[in-house]
Amino acid sequence: MPKVTPQRNYVLGIGLCGLLGLFNGSTLVPLHYVPPEASGINFVMSFAIGVLLVTPVIALVYFAFYKKSWPQLLPKEMTIYPLAAGFMWNIGNFTSIFATLALGQAIGFTLTQLALVPAAVWGILFFKEISGTPKIATFCVSTVVLLIGAFILGMYG
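Presented here is a report on the structure given in the accompanying data block.

## A word on the overall build of the chain
Right, so step 1: Per the secondary structure count, the chain includes 6 helices and 0 strands.
Right, so step 2: The order of helices and strands in the chain, counted from the N terminus, is α-α-α-α-α-α.
Right, so step 3: Considering only C-alpha atoms, the chain reaches an extent of 45 × 40 × 35 Å along its principal axes.
Right, so step 4: Every one of the 157 residues in the chain was classed for burial, and the buried ones make up 15%.
Right, so step 5: Sequence-distant contacts, at least 24 apart, represent 58% of the contacts inside the chain between residues at least 6 apart.
Right, so step 6: As displayed, the chain offers around 12100 Å² of accessible surface, 76% of which is attributable to carbon and sulfur atoms.

## Observations regarding the packing of aromatic side chains
Right, so step 1: Under the defined criterion, the tally for this structure stands at 4 aromatic pairs.
Right, so step 2: Where Tyr 62 meets Phe 63, the ring centres are 5.0 Å apart and the plane angle is 75°; that geometry is what we call edge-to-face.
Right, so step 3: Residue Phe 63 is classed as partly exposed on the basis of its relative accessible area, which comes to 23%.
Right, so step 4: An aromatic cluster is present here, built from Tyr 62, Phe 63 and Trp 70 joined pairwise through their rings.

## Considerations on helix H5 (residues 116–127)
Right, so step 1: Counted at 1.5 Å a residue, the expected span for H5 with its 12 residues is 16 Å, and the 15 Å between its end C-alpha atoms agrees.
Right, so step 2: Of all the residues in H5, the buried ones are Val 117, Ala 120, Gly 123 and Ile 124. Buried residues of H5, viewed axially, fall in a sector of 125°; they line one side. Summarising the geometry of H5, the exposed residues directed more than 90 degrees from the buried face are Pro 118, Leu 125, Phe 126 and Phe 127.
Right, so step 3: Positive backbone phi, approximately 55°, marks Lys 128, located one or two places after H5.

## What about the nonpolar core?
Right, so step 1: If you look at the biggest cluster of nonpolar residues, it comprises 6 residues: Leu 28, Leu 31, Phe 43, Val 44, Ile 97 and Phe 109.
Right, so step 2: Beyond its immediate sequence surroundings of up to four residues, Leu 28 is in contact with Phe 43, Ile 97, Thr 100, Gln 105 and Phe 109.

## Brief notes about the environment of Thr 5
Right, so step 1: Inspection of the secondary structure puts Thr 5 in the segment before helix H1 (6–25).
Right, so step 2: Here the alpha-carbon distance between Thr 5 and Ile 124, two residues 119 residues apart in the chain, equals 29 Å.

## Points about the packing of H5 against helix H6 (residues 133–156)
Right, so step 1: Put simply, H5 and H6 touch, their axes get as near as 11 Å, and they point 165° apart. Here H6 runs roughly antiparallel to H5, going by the angle between their axes. H6 is crossed by H5, and the crossing has left-handed handedness. Taking contact as the criterion, the partners of Leu 116, Val 117, Ala 120, Val 121 and Ile 124 in H5 are, on H6, Ile 136, Phe 139, Thr 143 and Leu 146.
Right, so step 2: Of the residues in the contact of H5 with H6, the class split is 8 nonpolar, 1 polar and no charged.

Conventions we followed
Residues numbered from 1 in each chain as written. Predicted model: local features only at pLDDT ≥ 70, side-chain atom pairs only at ≥ 80, totals over all residues. Heavy atoms only, no water. Helix = DSSP H or I, 4+ residues; strand = E, 2+ residues; numbered from the N terminus. Buried < 20%, exposed > 50% of the residue type's maximum accessible area, 1.4 Å probe, protein only. Contact = heavy atoms within 4.5 Å. Areas by Shrake-Rupley, 256 points an atom, 1.4 Å probe, with all protein chains shown as cover. Phe/Tyr/Trp six-rings, centres within 6.5 Å; stacked < 30°, edge-to-face > 60°. Expected span 1.5 Å × (residues − 1). Arc of directions from axis to C-beta. Core = buried A, V, L, I, M, F, W, Y, C linked by side-chain atoms within 4.5 Å. Axes fitted to C-alpha atoms, helices over the stretch in contact; angles between N-to-C directions. Parallel < 35°, antiparallel > 145°, perpendicular 65-115°, else oblique. Left-handed = near helix turned anticlockwise from the far one by under 90°. Nonpolar A, V, L, I, M, F, W, Y, C, P; charged D, E, K, R; others polar.

Below, the structure written as structure tokens:
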């Protein structure tokens, strides 16, 4: 097994961020290839079922190969809360699909992804997930860049 160094972690992190951007950015591409009667709610249900089936597999792989230990199994916490969170997430996903269908891929999907900004502000203000002036300043600059990019994509995308 290769030695894990900070540089290796950095390169791995950048690579995984790139893959995440590619996969997340292409999430709604299938909407362009389905008949209109199969889009919308039908697409949301198949997407939700796919997530429900794949997530436990990813968790098993994560704990088996990365953590190399198993978490304590708490049935109530492992069923009720994740299903409630998944239900709420899917409501957001449902509305984002309809926004994308109504506004188009460039504008609709971009606007739905801007939900990151209030979520991050909530995390900073209420949960203190980021602290320190340099880190918060970096977040603010990144938010401005994100908003400028969304504006440009909305106007010319």
